[in-house]
Amino acid sequence: MKGLGLDYVRGHMGGNTISLFPGEQFTPGNELEEALTALDELHIPSDEAALIYPCREERTLTIKIISPTTKKFISACGGMTQVLGKALIESDLFDRFDLPRSENPLNIQLKLDTGTQEIDIFREDEKVSRTITKMDCFAEELYRSGMETIEIMGVAVFRIGKFIVINAEEMRKVFPQVDPGSMDGYSRKVLFDIQEKAMTMNPQIGRDYATYDWNPDHNGNLRAVFPHYIPTDHIEPSCGTGTVAIGICLAFNGELQKHFRDGCSKPGEIQLAFEVGGAKTLGGPDISSLAFFMDDTRLKNISFSHNVVEITSVGKVFI
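Enquirer: Describe the environment of asparagine 221, and please don't skip the residues or the numbers.
Expert: Relative to the helices and strands, asparagine 221 is located in the loop between strand E12 (209–213) and strand E13 (222–229). Placed 38 residues apart in sequence, asparagine 221 and histidine 259 show a C-alpha to C-alpha distance of 9.4 Å. Dropping the residues within four chain positions of it, asparagine 221 is found in contact with Trp214, Pro216, Phe260, Gln271, Leu272 and Ala273.

Enquirer: Break down the environment of isoleucine 119 for me, with residues and values.
Expert: Tracing the chain through its elements places isoleucine 119 in strand E7 (residues 115–124). Separated by 59 residues in the primary sequence, isoleucine 119 and valine 178 place their C-alpha atoms 38 Å from one another. Every residue in contact with isoleucine 119, bar those within four places of it in the chain, is listed here: Thr81, Leu84, Leu106, Asn107, Ile108, Leu110, Thr131, Ile132 and Thr133.

Enquirer: Please give an account of the pairing of E12 that cites residues and values.
Expert: Summarising burial for E12: five of the five residues are buried, a large majority. Side chains Tyr209, Thr211 and Asp213 of E12 all project onto a buried face; the interleaved residues Ala210 and Tyr212 project onto the opposite face, where all are buried too. In terms of strand pairing, strand E11 (residues 163–167) meets E12 through four bridges, oriented parallel. Its bridge partner lying in E12, asparagine 167 is registered against tyrosine 212. When E12 meets E13, the two strands line up antiparallel, connected through three bridges. When the sheet's bridge partners are listed, tyrosine 212 is paired in E13 with alanine 224.

Enquirer: Summarise helix H6 (residues 240–253); cite the residues concerned and give the values.
Expert: Along an α-helix, residues three or four positions apart point the same way, because every turn accommodates 3.6 residues. With 14 residues, H6 extends 20 Å from end C-alpha to end C-alpha; this agrees with the ideal 20 Å at 1.5 Å per step. Most of H6 sits inside the fold, with twelve of its 14 residues counted as buried. Within H6, burial applies to Gly240, Thr241, Gly242, Thr243, Val244, Ala245, Ile246, Gly247, Ile248, Cys249, Leu250 and Ala251. Looking one or two residues past H6, glycine 254 carries a phi angle of roughly 90°, positive in sign.

Enquirer: So, the packing of helix H3 (residues 136–145) against H6: which residues are in play, and what are the values?
Expert: In the contact formed by H3 and H6, the axes pass within 10 Å of each other and the chain directions differ by 55°. Classed by the angle they form, the pair H3 and H6 counts as oblique. Along this stretch, H3 crosses H6, giving a crossing that reads as right-handed. Within the contact between the two elements, H3 uses Phe138, Ala139, Leu142 and Tyr143 and H6 uses Thr241, Val244, Ala245 and Ile248. Among the residues making up the contact of H3 with H6, the classes are represented as seven nonpolar, one polar and no charged.

Enquirer: Explain the pattern of salt bridges to me, and be specific about the residues and the numbers.
Expert: If the charged atoms of two oppositely charged side chains come close together, the side chains can form a pair. Counting across every chain of the model gives 18 salt bridges. A salt bridge links aspartate 193 to lysine 189; the nearest nitrogen and oxygen atoms lie 2.8 Å apart. Of this pair, aspartate 193 and lysine 189 both sit in helix H5 (residues 185–201), four residues apart, which is roughly one turn of the helix. The salt bridge partner of arginine 223 is aspartate 213, with a shortest N-O separation of 2.6 Å. Of the two residues, arginine 223 sits in strand E13 while aspartate 213 sits in strand E12, which places them ten residues apart along the sequence. According to the relative accessible area criterion, arginine 223 is buried, its value standing at 10%.

Criteria and cut-off values
- Residues numbered from 1 in each chain as written.
- Predicted model: local features only at pLDDT ≥ 70, side-chain atom pairs only at ≥ 80, totals over all residues.
- Heavy atoms only, no water.
- Helix = DSSP H or I, 4+ residues; strand = E, 2+ residues; numbered from the N terminus.
- Contact = heavy atoms within 4.5 Å.
- Buried < 20%, exposed > 50% of the residue type's maximum accessible area, 1.4 Å probe, protein only.
- Pairing = 2+ DSSP bridges.
- Expected span 1.5 Å × (residues − 1).
- Axes fitted to C-alpha atoms, helices over the stretch in contact; angles between N-to-C directions.
- Parallel < 35°, antiparallel > 145°, perpendicular 65-115°, else oblique.
- Left-handed = near helix turned anticlockwise from the far one by under 90°.
- Nonpolar A, V, L, I, M, F, W, Y, C, P; charged D, E, K, R; others polar.
- Salt bridge = Lys/Arg side-chain N within 4 Å of Asp/Glu carboxyl O.

Okay, here's the thing in structure tokens:
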């Protein structure tokens, strides 16, 4: 028998896989190393993991998020919040945290490295129907890091904080054979080459990547995919932080104002439906929803949710 047994809940948001662990199970000082082992191919592979801790403040959890790709703690993860909403109601792993689970909606504050994030968990009977995540603290992180347009390999690439964001249609003008809708070998190479060059140009850019277009196949406004690290196939079909980065990018580069001219010219909530998931390519049929208000070209009161969130396993992993 291996030395450390960790209780967990694993789920996904539109194919973005997340594992959740009560944080107090880990050895103090070795949390990152132990969590990365739990997430490797021999255990419970996941796109991200979160260590969940109770907090003295009411309705509050402290959370540390881990990326197997960067092998570091990261500041935020929208998929984690969506899976957590399910796990808090539909599993008993976090019963010990003494949250008012009977309330509907259940409002929880999450203390993350980027700030405090709020979620509202709605349920029907004993099943979660929707979790709404407030994403303003993550947006502020991106705004603080700045935004700029960089030309790489003839393509306009937008740096939105640590993210790079690309309009796939603009990329195809330079590389007509690129097809993020299939993610074939040629497309992967071009996308990865752009990312590698971007990271050499600005140290703020990390393995945070989003590409989109305005050619929905289903009921959305846009399509999106998140090829964070192509060599290890870390291409997330859905990504909450990436969806926020695209929304901020659309306001920054003027595309939002072009496509939603009336909505951007007067006060009121703007709602975008992103076709994501189904495969690690552009397109749905899943939907990520992003709602916000505009203050000039700045997004505020940002809410994120996804229509396909499931718990896939609950158990104990030994490392």
